[in-house]
Amino acid sequence: MPTEPHRTQVAIVGAGPAGLFLAHLLHRHGIESVIVETRSREEVEGTIRAGVLEQWTVDLMHDLGLGERMAREAHFHRGITLRFAGESHHLDFEALTGGKRVTVYPQHEVLKDLIAARLADGGTIHFGVRDVEMHDLGSDRPRVTYTDGDGEPGELRCDFVAGCDGSQGSARGHIEGRTEVQHLYPFGWLGILVEAPPSHHELIYARHERGFALLSTRSPEIQRLYLQCGPTDRAADYPDALIWSELHRRLETVDGWTLTEGRIFQKGVIGMRSFVCDRMQHGRLFLAGDAAHIVPPTGAKGLNLAVADAVYLSRGLECFYRTRSLEELGRYTETCLRRIWRAERFSWYMTNLLHTNPAEGPFEHRIRLADLDYVVHSPAAATALAENYVGLPLD
Ligand code: FAD
Ligand code: DHB
């Protein structure tokens, strides 16, 4: 039996950070939405990705009434440590930015909180759907069709479609006249999860001739570490002993600090690229998050940028439902791209600053070290890095 078409104001495709934040922001303005998501709830809540939240993302979670568990379980750091030439240099972001902090609260924990709250509010999220298709995007009555988890056809009739379906989604393909800009990096990250106590109270970003390393955390019992690897390397190429020996060498310092080892229970390789689609809207379709842009992970910007798009889109939609004017929505791409390109610049800068590029020679290596030396000794340079890392204010 075909299911009756469902009428909603905004159909959201994808239950990642962009789609879920958008649903909450719209709900706050009394705007209805329905989310369709191809993965199961368990998969969405179990995928390990980003770890760091910008200060305004944290503030937004509190504003939306979603910050209770984060306030209890997240790690709040004053700053980060940059490590190079065997020495550690602490950057005190809280002092440099007038009180903004680094919040380590993993993406899947954010998603668990957003999904639980959305369902508790009576919101609809269709998990485990397939064959998602968008129709009539040039009209003011677009539709999204899909097959639900029981194999039944479903249809959402709506005013707008939000394409929040990530970098592999199909929404971007509907944006006519778009131009895509891409930059590839000649390296990737091997990410591991380890059963061990924290080796340091804050994140350590290390530049070393053998490559970049990053020490992060997940909980008092579980730590997250990353190692620069080749762009086509596979996790299976890295036995545990090799990972530990590389981490020890790349993170070694002259001040007696030691890295605590533990059981590695997850390994995965993350690709690194910068990508921007220069149009984020077509007719009644609007893209948000990774569907429109990708940053390399070094600046921890990907998730935060997806949330910023959701904020701008919710503002445009709120304006439409209040005034029936499409003017603010008409500026959506332009508003988003300004922040996106600043985040692209920062992520590219942090990536080049900290990684060893096999295509570069000793000159570039020395220039990167001089840049790091400048950042840790000049309050002006340190402030520039700090304000980007904790998050530039939303326009
Ligand atoms: P996503 O989180 O990708 O969500 C899109 C959702 O849409 C997914 O749940 C997907 O299943 C769903 N979907 C796809 N196609 C369809 C369809 N046709 N119909 C319905 N649903 C669909 N960023 C950092 O800042 N630091 C990190 O360390 C970091 N690590 C990462 C590791 C990995 C392996 C990946 C892939 C990304 C990582 N990122 C990191 C980036 C960060 O996680 C993303 O920027 C963020 O998830 C973007 O959110 P999003 O909602 O736009 O997209
Ligand atoms: C983490 C990821 C990042 O990309 C980063 O810059 C810092 C921390 C993390 O997963 O904890």
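Look a little higher up for the structure.
Described in the following lines is the structure provided in the data block. (Residues numbered from 1 in each chain as written. Chains lettered and ligands numbered in written order. Predicted model: local features only at pLDDT ≥ 70, side-chain atom pairs only at ≥ 80, totals over all residues. Heavy atoms only, no water.)

## As for the site of ligand 2
As a reminder of what qualifies: Throughout, near means a residue has at least one heavy atom within 4 Å of the molecule or strand. Identification of polar contacts relies on pairs of N or O atoms within 3.5 Å, with a donor-acceptor requirement for protein atoms, meaning one able to donate a hydrogen and the other able to accept it, and with residues adjacent in sequence counted only if both atoms are side-chain atoms. Surface accessibility follows the Shrake-Rupley procedure with a 1.4 Å probe radius. Residue values consider only the protein chains on display as shielding. Helix and strand assignments come from DSSP, with helices taken as H or I runs of at least 4 residues and strands as E runs of at least 2, each series counted from the N terminus. Basically, the charged four are Asp, Glu, Lys and Arg, the nonpolar ten are Ala, Val, Leu, Ile, Met, Phe, Trp, Tyr, Cys and Pro, and anything else, Gly included, counts as polar.
Neighbouring residues of ligand 2: 14 residues in total, closest Tyr205, Ser216, Arg218, Tyr226 and Pro297. Here Arg218 contributes a side-chain N or O atom positioned 2.7 Å from an oxygen atom of ligand 2. Protein coverage of the free-state accessible area of ligand 2, which is 290 Å², stands at 97%. Of all the secondary structure elements, the ones that give two or more residues to the shell around ligand 2 are strand 16 (203-206), strand 17 (213-217) and strand 18 (222-229). Tallied by class, residues from the shell around ligand 2 come to 8 nonpolar, 3 polar and 3 charged.

## Concerning the site of ligand 1
Residues in contact with ligand 1 amount to 26 residues; listed here are only the nearest, Ala18, Glu37, Arg39, Gln107 and Asp290. In the model, an oxygen atom of ligand 1 is placed 2.9 Å from a nitrogen or oxygen of the Arg39 side chain. Note that an oxygen atom of ligand 1 is positioned 2.9 Å from one of the side-chain N or O atoms of Arg49. Taken by itself ligand 1 offers 1000 Å² of open surface, and the protein chains cover 84% of this.

## Things to note about the packing of helix 10 (residues 332-354) against helix 12 (residues 379-390)
Quick reminder of the rule: As a rule, the C-alpha atoms of each element are fitted with a line to give its axis, helices using only the stretch in contact, and angles between N-to-C directions run from 0 to 180 degrees. Note on terminology: angles under 35 degrees are roughly parallel, angles over 145 are roughly antiparallel, angles of 65 to 115 are roughly perpendicular, and the others are oblique. Definitions for this section: a left-handed crossing has its near helix turned counterclockwise from the far helix by less than a right angle. A right-handed crossing has that turn clockwise. Whether two residues touch is decided by their heavy atoms; if any such pair falls within 4.5 Å, the residues are in contact.
Following both chains from N to C, one finds helix 10 and helix 12 inclined at 120 degrees, their axes separated by 11 Å at the closest point. Between helix 10 and helix 12, the angle is such that the two are oblique. Seen from above, helix 10 lies across helix 12 with left-handed handedness. Taking contact as the criterion, the partners of Arg345, Phe346, Tyr349 and Met350 in helix 10 are, on helix 12, Leu385, Asn388 and Tyr389. Residues of the contact of helix 10 with helix 12, tallied by class, amount to 5 nonpolar, 1 polar and 1 charged.

## Quick look at helix 8 (residues 302-323)
Here is the rule: In a helix, the anticipated span is given by 1.5 Å times the number of residues less one. Between buried and exposed lies partly exposed: a residue is buried under 20% and exposed over 50% of the maximum accessible area for its type, with that area taken using a 1.4 Å probe on protein chains only.
Its 22 residues give helix 8 an end-to-end C-alpha distance of 32 Å, which sits within 8% of 32 Å, the value for a rise of 1.5 Å per residue. Buried residues dominate helix 8, accounting for 18 of its 22 residues. The first or second residue beyond helix 8 is Arg324, which carries a positive phi of 65 degrees.

## Quick word on the sheet that holds strand 11 (residues 143-147)
For clarity, the threshold we go by: Any two strands between which DSSP finds at least two bridges are classified as paired.
In space, the 4 strands of this open sheet follow the order 1-12-11-10, with mixed pairing throughout. Strand pairing shows two members of the sheet lacking a second neighbour, strand 1 (6-7) and strand 10 (130-135), which therefore form its edges. Relative to strand 12 (residues 153-157), strand 1 runs parallel, the two sharing 2 bridges. By the bridge assignment for strand 12, His6 is matched with Leu156.

## Brief notes about the packing of helix 3 (residues 55-63) against helix 8
Following both chains from N to C, one finds helix 3 and helix 8 inclined at 55 degrees, their axes separated by 10 Å at the closest point. By the angle class used here, helix 3 and helix 8 are oblique. For the pair helix 3 and helix 8, the sense of crossing is left-handed. Contacts between helix 3 and helix 8 involve Trp56, Thr57 and Leu60 on the former and, on the latter, Asn304, Val307, Ala308 and Val311. Residue classes in the contact of helix 3 with helix 8 are distributed as 5 nonpolar, 2 polar and no charged.

## Quick word on the nonpolar core
Soluble globular proteins tend to bury their nonpolar side chains together. Quick note on the threshold: As used in this record, nonpolar core signifies buried Ala, Val, Leu, Ile, Met, Phe, Trp, Tyr and Cys residues forming a set joined through side-chain atoms within 4.5 Å.
Within the largest apolar cluster, 74 residues are counted, with the highest numbers of intra-cluster contacts made by Val10, Ile12 and Phe21. Counting residues in each nonpolar core, the second largest holds 33 residues, with Phe84, Tyr205, Phe346 and Ala386 among its members.

## Here we look at the pairing of strand 6 (residues 80-84)
When you tally the buried positions in strand 6, you get 5 out of 5 residues, the bulk of the element. Alternating residues of strand 6 divide into Ile80, Leu82 and Phe84 and Thr81 and Arg83, and every residue in both groups is buried. In terms of strand pairing, strand 6 meets strand 7 (residues 87-91) through 5 bridges, oriented antiparallel. Residue pairing for strand 7: Thr81 is matched across the bridge by His90. Hairpin remark: strand 6 followed by strand 7, antiparallel, with 2 residues in the connecting loop; positive phi at Ala85, about 50 degrees. Relative to strand 16, strand 6 runs parallel, the two sharing 4 bridges. Each bridged residue has a counterpart across the sheet, and for Thr81 the counterpart in strand 16 is Ile204.

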